[in-house]
Amino acid sequence: MAAGNPRARSNRLRQSVDAWGSAHLRALFASLGRLYRAPLPSLMTAAVIAIALALPAGFLLMLANAERVVGSWEGNAQISLFLELGTDAEHYRALARELRGHTQIDSVDVITPEAALEEFRRLSGFQEAMDLLDDNPLPPVLVVRPVSGLTPAEVDELVGDLQTQSAVEQLRLDQEWLQRLHGIMQLIQRGIWVIAVLLAVAVILVVGNTIRLDIQNRRDEIVVAKLIGATDAFIRRPFLYEGIWYGIAGGLLAALLIEVGRLLLGGPARELAVLYGSSFSLQGLGFVGILRLTLAGSLLGLLGSWTAVGRHLAAIEPR
Amino acid sequence: MAAGNPRARSNRLRQSVDAWGSAHLRALFASLGRLYRAPLPSLMTAAVIAIALALPAGFLLMLANAERVVGSWEGNAQISLFLELGTDAEHYRALARELRGHTQIDSVDVITPEAALEEFRRLSGFQEAMDLLDDNPLPPVLVVRPVSGLTPAEVDELVGDLQTQSAVEQLRLDQEWLQRLHGIMQLIQRGIWVIAVLLAVAVILVVGNTIRLDIQNRRDEIVVAKLIGATDAFIRRPFLYEGIWYGIAGGLLAALLIEVGRLLLGGPARELAVLYGSSFSLQGLGFVGILRLTLAGSLLGLLGSWTAVGRHLAAIEPR
Amino acid sequence: MIRFVGVSKRYPGGFEALRHINLEIEQGEMVFITGHSGAGKSTLLKLIPLLERPSRGQVLVNGVNLARLRKGRIPHLRRRVGVIFQDHQLLYDRPVYDNVALPLVIAGVPHREVGRRVRAALDKVGLLNKERSYPITLSGGEQQRVGIARAVVSRPPILIADEPTGNLDPALSAEIMGLFQEFNRVGVTLLIASHDLELIRRLGQRVVCLEHGEVIDDWAGVAA
Amino acid sequence: MIRFVGVSKRYPGGFEALRHINLEIEQGEMVFITGHSGAGKSTLLKLIPLLERPSRGQVLVNGVNLARLRKGRIPHLRRRVGVIFQDHQLLYDRPVYDNVALPLVIAGVPHREVGRRVRAALDKVGLLNKERSYPITLSGGEQQRVGIARAVVSRPPILIADEPTGNLDPALSAEIMGLFQEFNRVGVTLLIASHDLELIRRLGQRVVCLEHGEVIDDWAGVAA
Ligand SMILES: Nc1ncnc2c1ncn2[C@@H]1O[C@H](COP(=O)(O)OP(=O)(O)OP(=O)(O)O)[C@@H](O)[C@H]1O
Ligand SMILES: Nc1ncnc2c1ncn2[C@@H]1O[C@H](COP(=O)(O)OP(=O)(O)OP(=O)(O)O)[C@@H](O)[C@H]1O
Ligand SMILES: [Mg+2]
Ligand SMILES: [Mg+2]
């Protein structure tokens, strides 16, 4: 039997795969051509999608940048180690050396009891009383500055480490306002996710709406195609591709918007950085980010066109 | 002549005003009816507009709230007034009383030199040295707590006031982190305006695009109307009203979205407030805010439909 | 009433659909335009409500040179010319009543008056019982008659019909032509493009015959 | 080839457009359907490519009961039935070539083959020189012929035409009918709804006459 002939079968298979592939290619290029022929309206739709994609992506990027900044501030937060009273010079100098070797510590300053007393004398107004002292009542203090860029968790860990050092009597890390900032940033992050969901919905709605109106617009064409014997898949395909194209164009435009936004915000951010003596610069999306954005756009576009196609194509039947 | 008869003239005027008014009313209700007959798609468009309006409005609201919070923190920032050494008790108590009467000051605590020395003795480890003193070397200190809710400018003014008090030797207000926060908030505000402009553009594009597709969709109807002798104004009117309706619906939905967002963010915000002992609650849009949002929506909607109508209606001519 | 003076029409593609047409139609006349497919009948009719503009020559309606008509006045010209289209041009998402009422609504006729006149027009074409139907549910001939009702509802002084009986059976065609004659008797000027030579001959009105865009024949009917 | 067995069609509004139709059309037959406006001619034709479904009775095409046809198979049925519509149903934003090529593109015919067959079909209806024109720039008769070219380009075994000569002048009508007879000679089954009784008589084919949805007459032509 012919059906049993593997050559014939593979030939027929090849043919139908070819036909399937060429049908897809045609739909792909037809949809692209349609968008190209109406460049302004297509661009407008893509622009809306771009704005909707750019916002959450831009916010997440800003948050990432903000976290970097806060992290660096946290690194700047110095930790004062008050050692036990009477720890001898050799001991605390050794400890300082040891700590300097720690990978997460940038520098360690030693304040000897003598230097502290001298300072205290100068400042306190207790000069006479000080002169009467036999013993120095002040402990040696090590001022530890962590390397910049540590996360809050890493700073906590470091603090824990230092606390277990045998000679350390007391430890102080002033970061009340950092805690507040963290609270705010968590709030913002939560907000960004709400916004991201909203805007993803907006993208789906925009694409869905555009495709829906496009379907109604080309009602005649769909009716004629159905009359002539087009399958549903044949009719559906160009619309789905159209949604994907919108999403991809939107994603790329969104990347562009974000870069423009980065330029606009870069100035004040740098000023601020200079004010605090840090060498901070806003980080961009990068290649992977752009890729992700485009992918997200095309998926949302497909989703949008899928919902529209599913609901509206079936409604159009030749009479 | 009939044209000279004022009665007849006013009658004719009334009639044409009536006709004009009823034509507008018809367009208004016709456009509303059209949206109503396709509730889901209309709602989808309105939802997109709502999201686009809700974001900048929500951000501005959040910023306003944040400013309130920061303001209240600033109020909490206590100001320590170090008085001149040797200011007598009568004098500094009188000053404290006077300051308590100040409208921007919530409370004034007095730390007498004796109390300060006692505290110092307990804490400093210089007990022996203290016992040897004849004179108390410490100045009296007034701890001033401003009322909560002051703006940064008001706090600055208050600080200036206090500094001019004759007995005040030195004044300390620790607010370094507040300055940083202000820097960040200015950055955020700049960002919000960029976003607001982007999203206003998005609203115009969305409405314009929807109206454009709607115009193409109803090409036959427009052609027939023009064939039968409809004026351009007659054809344009329902589309313009449609844009306005979209904008109004979008504005109202945006207000709803913002309120829902407020509920979602209200929890963590309150937690945060409790953490810092403030009785803070997120403030909503209020009636005026909702009105403004709806107005903004309808204006953007009108603008969007105007651009679409201007560009696309002229292109449709009966053949 | 209607005068064509040396009118030519060359379409953008370069095709010359009408060549130097001179034609005068008096008020109250009823004129048939015939000719082979592509002779230029539809093109000639489209010049009157300014659906097309001549490339040379002048068209005068009621003494007004259409080339000089301000753009804003075109709608008013079209309200005075009732047109019956070859492809009906109905709104398929509105019931028959709304379709017929459209010219009155556009002209701003008061609401009560609209109902009366729409029903009178529908009655004339025998579709009073289809008032609430959608055009899609009507047969080809019924749709054609809705188009006729819409053209006459605003009682325009000029009526133009492009193959109004193309899709009608002979009996109905004769009936519609009778209707046109009735309009003609009350003073309406009619221009009708048609292929139905037999029917035209029977009516005995003036016939203008086109060929390749030129008038090759123009004879007054026997009855006129 | 095509069999109607007790077919009735009641439209959603309640109107009964067809009543208990029994009809058998052999392969290679050429049948005219006549009847007054609203008799049900279009409705009858629409049942064959499943544009409407009967409310009672069965339609069989090539022995297949259409009521039992899976939804996914409908496109394949429609590819085997060429339809010429009363209102052309052309795509006005595509040139004539694309319009005629559409059935081949849908059927997935290879690119080179498409060009050859489209030109052959256009040649048959005498529109080879209008290949690049848009339908809007064609006269009514020319559009009708584009519709005919599109219906025959995929060489369907069944051809259905709803008043294909409604807008054509007598000479062109006769020519088109000659074309149909040519198709008929190579074995195509044809069903043609028409008002043009004179033309039908001249062709001498089988004629089915409908009245109020019933077959009131069915006579084999003299030439058959
Ligand atoms: N918009 C257009 N652009 C280019 N050519 C056109 C246009 N409209 C019509 N034509 C050409 O002008 C010629 C005359 O067209 P017209 O529609 O006036 O013919 P007709 O006499 O009405 O024919 P029919 O009886 O077939 O309707 C035709 O050959 C047609 O191809
Ligand atoms: N979709 C529909 N819904 C309701 N009624 C319909 C529908 N389509 C047709 N009809 C009615 O069915 C009847 C027959 O219609 P059909 O189109 O079959 O007539 P026809 O014989 O083709 O007439 P014509 O010669 O005027 O085209 C008509 O009275 C029409 O009003
Ligand atoms: Mg014509
Ligand atoms: Mg019919």
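Residues numbered from 1 in each chain as written. Chains lettered and ligands numbered in written order. Predicted model: local features only at pLDDT ≥ 70, side-chain atom pairs only at ≥ 80, totals over all residues. Heavy atoms only, no water.

An unreviewed UniProt entry lists chain C under the name Cell division ATP-binding protein FtsE, with Alkalilimnicola ehrlichii as the source organism. If you open the UniProt record of chain C and go to Sequence similarities (unreviewed entry), you find "Belongs to the ABC transporter superfamily." (UniProt positions renumbered as here; feature names shortened; annotations may be inferred.)

In the annotation of an unreviewed UniProt entry, chain A is listed under the name Cell division protein FtsX and assigned to Alkalilimnicola ehrlichii. Its UniProt record, at the heading Subcellular location (unreviewed entry), says of chain A: "Cell inner membrane". According to the UniProt record, the Subunit (unreviewed entry) comment for chain A reads "Forms a membrane-associated complex with FtsE."

Asks: Which residues make up the overall build of chain C, and what values do they have?
Replies: The helix and strand tally for chain C stands at seven helices and ten strands. Against the globule reference of 17 Å for 224 residues, chain C gives a C-alpha radius of gyration of 17 Å, in line with a compact fold. Overall size of chain C, expressed as C-alpha extent along the three principal axes, is 45 × 40 × 35 Å. The buried share of chain C, reckoned over its 224 residues, is 58%. Here the analysis covers contacts within chain C between residues at least 6 apart in sequence; of these, 68% occur between residues at least 24 apart. Element-wise, carbon and sulfur atoms account for 49% of the exposed surface of chain C, whose accessible area totals about 9700 Å². In chain C, 30 positive and 23 negative side-chain charges are present, and the distance between their average locations comes to 9 Å. (Helix = DSSP H or I, 4+ residues; strand = E, 2+ residues; numbered from the N terminus. Rg over C-alpha atoms; globule rule 2.2 N^0.38 Å. Buried < 20%, exposed > 50% of the residue type's maximum accessible area, 1.4 Å probe, protein only. Contact = heavy atoms within 4.5 Å. Areas by Shrake-Rupley, 256 points an atom, 1.4 Å probe, with all protein chains shown as cover. Lys, Arg positive; Asp, Glu negative; His and termini not counted. Charge placed at Lys NZ, Arg CZ, Asp CG, Glu CD.)

Asks: Would you mind going over the UniProt feature "transmembrane region" (unreviewed entry) in chain A in detail, with residue names and values included?
Replies: All names here are of chain A. Cross-referencing UniProt, the feature "transmembrane region" (unreviewed entry) maps to residues 43-64, 191-211, 244-265 and 285-309 in the present numbering. Note that residues 43-64 is 100% helix and 0% strand, and that its end C-alpha atoms are spaced 30 Å apart. Here residues 191-211 runs as 100% helix and 0% strand, with 30 Å between its end C-alpha atoms.

Asks: I'd like a description of the sheet that holds strand β1 (residues 2-10) of chain C, backed by residues and values.
Replies: All names here are of chain C. Spatially, β2-β1-β4-β5 is the arrangement adopted by the four strands of the open sheet, whose pairing is antiparallel. Each having just a single partner strand, β2 (16-25) and β5 (64-65) make up the two edges of the open sheet. Inspection of the sheet shows β1 paired to β2 by six bridges, in the antiparallel sense. Note on β2: the bridge partner recorded for I2 is I25. (Pairing = 2+ DSSP bridges.)

Asks: Break down the site of ligand 2 for me, citing the residues and quoting the values.
Replies: Not every one of the 22 residues close to ligand 2 is listed here, only the nearest: D:S37, D:G38, D:K41, D:S42 and D:T43. Per-site note: the chains with residues close to ligand 2 are chains C and D. In the model, an oxygen atom of ligand 2 is placed 2.9 Å from a nitrogen or oxygen of the C:S139 side chain. Residue D:S42 places a side-chain N or O atom 2.6 Å away from an oxygen atom belonging to ligand 2. Notes on ligand 2: free accessible area 640 Å², of which the protein chains cover 92%. Elements with a minimum of two residues in the shell around ligand 2: α5 (140-152) of chain C together with α1 (41-46) of chain D. (Near = heavy atom within 4 Å. Polar contact = N/O pair within 3.5 Å; in protein donor to acceptor, adjacent residues only side chain to side chain.)

Asks: Residues and numbers for the site of ligand 1, please.
Replies: Neighbouring ligand 1 are 22 residues, the closest being C:S37, C:S42, C:T43, D:T137 and D:G141. At ligand 1, the nearby residues belong to more than one chain, namely chains C and D. Between an oxygen atom of ligand 1 and a side-chain N or O atom of C:S42, the distance comes to 2.6 Å. C:E163 has a polar side-chain atom sitting 3.3 Å from an oxygen atom of ligand 1. Contributions of two or more residues to the shell around ligand 1 are made by α1 (41-46) of chain C together with α5 (140-152) of chain D.

Asks: I'd love a proper account of the domain arrangement of chain C, names of residues and values included.
Replies: All names here are of chain C. In terms of domain boundaries, chain C breaks down into domain 1 (27-55 + 67-80 + 156-224) and domain 2 (90-155). Spacing between the C-alpha centres of domain 1 and domain 2 amounts to 21 Å. The contact between domain 1 and domain 2 buries some 1100 Å² in all, and 70% of this surface belongs to carbon and sulfur atoms. If you look at where domain 1 meets domain 2, you find zero salt bridges. The interface formed by domain 1 and domain 2 contains one residue pair in polar contact (both at pLDDT 80 or more). For the side of domain 1 that touches domain 2, the leading source of residues is helix α6 (residues 170-185), giving six residues. (Domains from an automatic or database assignment. Buried area = accessible area lost by both parts, 1.4 Å probe. Salt bridge = Lys/Arg side-chain N within 4 Å of Asp/Glu carboxyl O.)

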